Amino acid sequence: MARPLRALIFGRFQPFHLGHLKVTKWALEKFDELVLLVGMANESHTVLNPFTAGERIWMMREALKDEGVDLSRIITATVPTMSVYVGHAFYIINLVPKVDSIITRNPVIAQVFHDAGLEVIAPPEFDRNLYRGSYIRKLMLEDGNWRELVPKKVAAIIDEIGGVERLKKAANRD
């Protein structure tokens, strides 16, 4: 039995937005399976990382299901906060099922995983000016129109968990 062709997408997903969704759907056209690795999994309730790892996985799964993505092709995993260097790339590779490639636009991540032996694939940009977690969180803090930048199911989860209020409380800490 041949092993499926599998790629890794590594991100914080704070929150999972339409850019993430587009990259995931694009990657599923090229690979049998994807590993969506949630980084900084041990951090939450901060301005940089307002959502828990479990909430981020929930957001991903609900958004992908709503788009008709076959979840049997998606593997989720988490990794705690760590510095980025090739030793940690090897550590991460051993946390997940065997992958053939990493899909990233981050040059530092690309280099360390390349040094660890993975093929690096840069996805299309899919309007990175809009689809950036930092920009979406800024809109949340300013009561802007962040909802148009995330899948409907993600917005519903953020509402359910009081995510905007959580983010605003985190921003007001001394």
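Conventions adopted
Residues numbered from 1 in each chain as written. Predicted model: local features only at pLDDT ≥ 70, side-chain atom pairs only at ≥ 80, totals over all residues. Heavy atoms only, no water. Helix = DSSP H or I, 4+ residues; strand = E, 2+ residues; numbered from the N terminus. Rg over C-alpha atoms; globule rule 2.2 N^0.38 Å. Buried < 20%, exposed > 50% of the residue type's maximum accessible area, 1.4 Å probe, protein only. Contact = heavy atoms within 4.5 Å. Lys, Arg positive; Asp, Glu negative; His and termini not counted. Charge placed at Lys NZ, Arg CZ, Asp CG, Glu CD. Salt bridge = Lys/Arg side-chain N within 4 Å of Asp/Glu carboxyl O. Pairing = 2+ DSSP bridges. Axes fitted to C-alpha atoms, helices over the stretch in contact; angles between N-to-C directions. Right-handed = clockwise from strand over helix to strand, strands pointing away.

Just checking my understanding: could you explain the overall build of the protein for this structure?
A tally of helices and strands in the protein yields seven helices and five strands. Beginning at the N terminus, the succession of helices and strands in the protein can be written as β-α-β-α-β-α-β-α-β-α-α-α. Relative to its length of 174 residues, the protein is compact, with a C-alpha radius of gyration of 16 Å against a globular reference of 16 Å. Across the 174 residues of the protein, 47% fall into the buried class. The long-range share in the protein, meaning contacts at least 24 apart out of those at least 6 apart in sequence, stands at 70%. Counting 23 positive and 21 negative side-chain charges, the protein places the averaged centre of each group 1 Å from the other.

Sorry if this is basic, but what is going on with the pattern of salt bridges here?
A pair can form between side chains of opposite charge whenever their charged atoms are brought close. Tallied over the entire structure, the rule returns eight salt bridges. A salt bridge links Arg 6 to Glu 33, with the shortest nitrogen-to-oxygen separation between them at 2.8 Å. Of the two residues, Arg 6 sits in strand β1 (residues 6-11) while Glu 33 sits in strand β2 (residues 33-38), which places them 27 residues apart along the sequence. The pair Arg 6 / Glu 33 is uniform in exposure class, with both members buried. Across the salt bridge formed by Glu 67 and Lys 25, the nearest N and O atoms sit 2.7 Å from each other. Taken together, the positions of Glu 67 in the loop between α2 (53-66) and β3 (74-78) and Lys 25 in helix α1 (residues 18-28) put the pair 42 residues apart, joining distant regions of the chain. For Lys 25, a relative accessible area of 34% gives the class partly exposed.

So what exactly am I meant to see when it comes to the sheet that holds strand β4 (residues 101-103) here?
Picture the strands of a sheet paired through backbone hydrogen bonds; they go either parallel or antiparallel. Taken in spatial order, the five strands make up an open sheet running β3-β2-β1-β4-β5, and their pairing is parallel. Two strands lie at the open edges of the sheet, namely β3 and β5 (119-121), each paired on one side alone. The average angle at which neighbouring strand axes cross in this sheet is 25 degrees, direction not considered. One ladder, built from three bridges, connects β1 with β4; its direction is parallel. Looking across to β4, one finds that Ala 7 is bridged to Ser 101. Running at roughly 150 degrees to β2, α2 makes contact with β2 and β3 of the sheet.

Would you mind showing me how to read the pairing of β2 here?
Regular strands have side chains that alternate between both faces of the sheet. Within β2, six of the six residues are buried, leaving the element largely enclosed by the surrounding structure. Burial of β2 is two-sided: the residues Glu 33, Val 35 and Leu 37 facing one way and the residues Leu 34, Leu 36 and Val 38 facing the other way are all buried. In terms of strand pairing, β1 meets β2 through six bridges, oriented parallel. Its bridge partner lying in β2, Arg 6 is registered against Glu 33. Read as a crossover between parallel neighbours, the route from β1 over α1 to β2 is right-handed. Two strands pair when backbone bridges link them, and β2 and β3 are joined in this way by five bridges, in the parallel orientation. When the bridges of β3 are listed, Val 35 appears paired with Ile 75. Remark: the β2/α2/β3 crossover connection has right-handed handedness.

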